[in-house]
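The residues making up each chain are set out below.
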Amino acid sequence: MTGKNMLPAPPKMATFSLTIEEGERAKLMAFMSSDSWERAENVRHATIQECTKSLEHCIRWAERDCGSSRVFAQFLASLYNGYRVKADVSDIGTLDPENFEHLMNVLRLCYMTQREPHTFIANGSEVFEGIISLWGMEKKSND
């Protein structure tokens, strides 16, 4: 609005055509009415403090045994010590948009600060060693 009694400009609209399998309409409508994209967008533009919160979020996931926990655990452990633990990065594609952005924020945090992830939390080495142990991710020697 720019003047007295002015109405806001209507949002710009786009038209597109989409072809999906019959029976998938309900799934598409559920996705379109959810706020998963908006939540991911909020995470995507995170500050360093918010990236640190994303790290804490990822650690909580990695320390439990459910859903995408192993994806978080492998990613964090590899970021902590890539020589000892290798992550299967193709598994990242199984994350929902919000959790994907949390994982990317951890990567951004380490990249922007040139620090390892365990340095952002209290007892970080113990926490990351615990994740490696919990998931049995220690690389085995071929000897």
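Preceding this section is the structure that the text describes.
Calculation rules
Residues numbered from 1 in each chain as written. Predicted model: local features only at pLDDT ≥ 70, side-chain atom pairs only at ≥ 80, totals over all residues. Heavy atoms only, no water. Salt bridge = Lys/Arg side-chain N within 4 Å of Asp/Glu carboxyl O. Helix = DSSP H or I, 4+ residues; strand = E, 2+ residues; numbered from the N terminus. Buried < 20%, exposed > 50% of the residue type's maximum accessible area, 1.4 Å probe, protein only. Axes fitted to C-alpha atoms, helices over the stretch in contact; angles between N-to-C directions. Parallel < 35°, antiparallel > 145°, perpendicular 65-115°, else oblique. Left-handed = near helix turned anticlockwise from the far one by under 90°. Contact = heavy atoms within 4.5 Å. Nonpolar A, V, L, I, M, F, W, Y, C, P; charged D, E, K, R; others polar. Core = buried A, V, L, I, M, F, W, Y, C linked by side-chain atoms within 4.5 Å. 1 Å grid on protein atoms, 1.4 Å probe; cavity = no way out; pocket = protein on both sides within 12 Å on 5 of 7 lines; lining within 4 Å. Points joined across faces, edges and corners; volume = space filled by probe spheres on them.

Colleague: So what's going on with the pattern of salt bridges? Which residues, and what values?
Modeller: For the structure on display, the rule yields 2 salt bridges. A salt bridge links glutamate 129 to arginine 84, with the nearest nitrogen and oxygen atoms 2.8 Å apart. You can see glutamate 129 sitting in helix H6 (residues 124–134) and its partner arginine 84 sitting in the loop between helix H4 (69–80) and helix H5 (97–113), a full 45 residues away along the chain. Classification of arginine 84 by relative accessible area gives buried; the value is 18%. For glutamate 101, the salt bridge goes to arginine 108, with nearest N and O atoms at 3.5 Å. Its relative accessible area of 31% is what places arginine 108 among the partly exposed residues.

Colleague: Any details on the packing of helix H3 (residues 48–62) against H5? Residues and values, ideally.
Modeller: Packing of H3 against H5 brings their axes to within 8 Å, and their N-to-C directions diverge by 125 degrees. Between H3 and H5, the interaxial angle falls into the category oblique. Where H3 crosses over H5, the handedness of that crossing is left-handed. Residues Ile48, Cys51, Thr52, Ser54, Leu55, His57, Cys58 and Trp61 of H3 form the contact with H5, whose participating residues are Asn99, His102, Leu103, Asn105, Val106, Leu109, Met112 and Thr113. Of the residues that constitute the contact of H3 with H5, the class distribution is 9 nonpolar, 7 polar and no charged.

Colleague: Provide a residue-level description of the nonpolar core, including the pertinent values.
Modeller: Grouped together as the largest cluster of nonpolar side chains are 28 residues, with contacts concentrated most on Leu55, Ile59, Leu76, Leu103, Phe128, Ile131 and Met137. Counting only elements with at least two residues in this core, the list comes to H3, H4, H5 and H6. In contact with isoleucine 131, not counting residues within four places along its chain, are Ile59, Ala62, Glu63, Ala73, Leu76 and Met137.

Colleague: Any details on the side chain of serine 54? Residues and values, ideally.
Modeller: Residue placement: serine 54 occurs in helix H3. The class of serine 54 is buried, set by a relative accessible area of 2%. When near neighbours in sequence (up to four residues on either side) are disregarded, serine 54 contacts Val43, His102, Asn105 and Val106.

Colleague: Tell me about unusual backbone geometry, and please be specific about residues and values.
Modeller: Positive phi is not limited to glycine here, since glutamine 114 has a value of about 55 degrees. Along the chain, the position of glutamine 114 falls in the loop between H5 and H6. Using a relative accessible area of 63% as the deciding quantity, one classes glutamine 114 as exposed. Phi is positive for asparagine 123, which is not a glycine, with a value near 55 degrees.

Colleague: Break down the environment of glutamate 56 for me, citing the residues and quoting the values.
Modeller: Locating glutamate 56 in the fold gives a position in helix H3. Residue glutamate 56 is classed as partly exposed on the basis of its relative accessible area, which comes to 34%. In this structure, the C-alpha to C-alpha distance between glutamate 56 and valine 106, residues 50 residues apart in sequence, is 9.1 Å.

Colleague: Tell me about empty space enclosed by the protein, residues and numbers included.
Modeller: For the structure shown, the criterion picks out 1 cavity of 30 Å³ or more. Volume-wise, the largest cavity comes out at about 40 Å³. Lining the largest cavity are Val71, Gln74, Phe75, Ala87, Asp88, Val89, Asp91 and Ile92. Considered class by class, the residues forming the lining of the largest cavity number 5 nonpolar, 1 polar and 2 charged.

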